[in-house]
Amino acid sequence: MVSSLRLAALLLTPALLVAAACGSGDDDDDDSGGDDSSGGGSTSSAGGPGGSSSGDSKGKNLDIPKIRDGNFAAAKATIVVSGDRDLKLDMQGNGLATGGFALLTFVSSDVSVQLAFQSDSKDEAGGVSLSGKDLATAAAWGADCSVKVTDDDKALKGEFECKGIDGLQPGTVKGLKVTLKGTFSAPR
C-alpha cells in the first residue's frame, strides 16, 4: 500500500507543478491591478513590496545561475511548512541537471517534494511541488516564491520561500494556505 501511495504521489507531483505554474498567471492578473511589467517577477534585487506580504505574486527574488550538467546522488533538503499545516521535513533525494534544467526529487514515507530549476528562462524558471498524505501544493519561482541558487564544481545548493500559497488536503476539496521555507544541497 505504501508503494502505490508513493507511486501516486510521484505521478501527481509534476501535474501539480504544471497546474501551479499555469494557475499563478491567472492569480497574478486578478490580485495586482497595476504592476504588469515584464520584469516584475524576475529580478534578483529588491524583492517584493514590504517583504512580509502574504500571497503577493509580483516582485519575488529570483536568482538562478547557469546550471552545469551533472548527476546528484546524495541530495538533502530541509523544508518547513507552516500555516494550515505544520511540518518539518528533513529529506534525502537525488537529481539530474542537463541543458540548464535541473530536477531534484526528495521522497520520504509520507511526502514527495520536487524542485525544478530552468536557468535560462525568467518566465518559466521552475518551482516546487509537495505531495503528501495531508497536503498537496505547488508554486513557481519568481511568481509565488523567492529562490536563490548557487552552482559550483562541488554542489548545486540554495534556499527558497513561498509565502501564503494555495494547497489542498488530498482526498477532499478542502483548500489550505501554507508557507514553505527550505534549503537544499545536492553534491556532484
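Predicted model, so just to flag it, every value in this text is computed and none were measured.

A. Representation of the overall build of the chain in the model. Check the secondary structure of the chain and you find one helix and ten strands. The order of α-helices and β-strands along the chain, N terminus first, is α-β-β-β-β-β-β-β-β-β-β. A buried classification covers 42% of the 188 residues belonging to the chain. Partitioning the intrachain contacts of the chain with sequence separation of at least 6 by distance along the chain shows that 54% fall at a separation of at least 24. For the chain, the exposed surface amounts to about 9,600 Å²; the carbon and sulfur share of it is 53%.

B. Just the pairing of strand β9 (residues 155–168), in detail. Bridge analysis of strand β7 (residues 136–140) against β9 gives two bridges, and the strand direction is antiparallel. Among the inter-strand pairings, Ala-136 is bridged to a residue of β9, identified as Leu-168. Sheet topology note: the strand β8 (residues 145–151)/β9 ladder contains seven bridges and is antiparallel. Following the sheet pairing, Val-149 is matched in β9 by Gly-158. Connecting β8 to the next strand, β9, in antiparallel fashion are three residues. Examined bridge by bridge, β9 and strand β10 (residues 175–187) share twelve bridges and lie antiparallel to one another. Bridged to Phe-160 within β10 is Gly-182.

C. Examining empty space enclosed by the protein more closely. Evaluation of the coordinates by the stated rule reveals one cavity of 30 Å³ or more. Considering the residues around the largest cavity, the lining is formed by Leu-62, Ile-64, Gln-118, Ser-119, Ser-121, Lys-122 and Ala-125.

D. The arrangement of the pattern of salt bridges in detail. Taken as a whole, this structure holds three salt bridges when the rule is applied. Between Lys-177 and Asp-166 there is a salt bridge; the shortest N-O distance is 2.7 Å. Taken together, the residues Lys-177 in strand β10 and Asp-166 in strand β9 connect sequence positions eleven residues apart.

E. How the structure looks around the nonpolar core. Ranked by internal contacts, the top residues of the largest apolar core, which has 36 residues, are Leu-115, Phe-117, Val-128, Trp-141, Phe-160 and Phe-184. Those residues in contact with Leu-115 that sit more than four places away from it in its chain are Ala-102, Leu-103, Leu-104, Phe-106, Gly-127, Val-128, Trp-141, Phe-160 and Phe-184.

About the cut-offs
Residues numbered from 1 in each chain as written. Predicted model: local features only at pLDDT ≥ 70, side-chain atom pairs only at ≥ 80, totals over all residues. Heavy atoms only, no water. Helix = DSSP H or I, 4+ residues; strand = E, 2+ residues; numbered from the N terminus. Buried < 20%, exposed > 50% of the residue type's maximum accessible area, 1.4 Å probe, protein only. Contact = heavy atoms within 4.5 Å. Areas by Shrake-Rupley, 256 points an atom, 1.4 Å probe, with all protein chains shown as cover. Pairing = 2+ DSSP bridges. 1 Å grid on protein atoms, 1.4 Å probe; cavity = no way out; pocket = protein on both sides within 12 Å on 5 of 7 lines; lining within 4 Å. Points joined across faces, edges and corners; volume = space filled by probe spheres on them. Salt bridge = Lys/Arg side-chain N within 4 Å of Asp/Glu carboxyl O. Core = buried A, V, L, I, M, F, W, Y, C linked by side-chain atoms within 4.5 Å.

Note that every value here comes from positions in space, so none of it alone points to a role or purpose.
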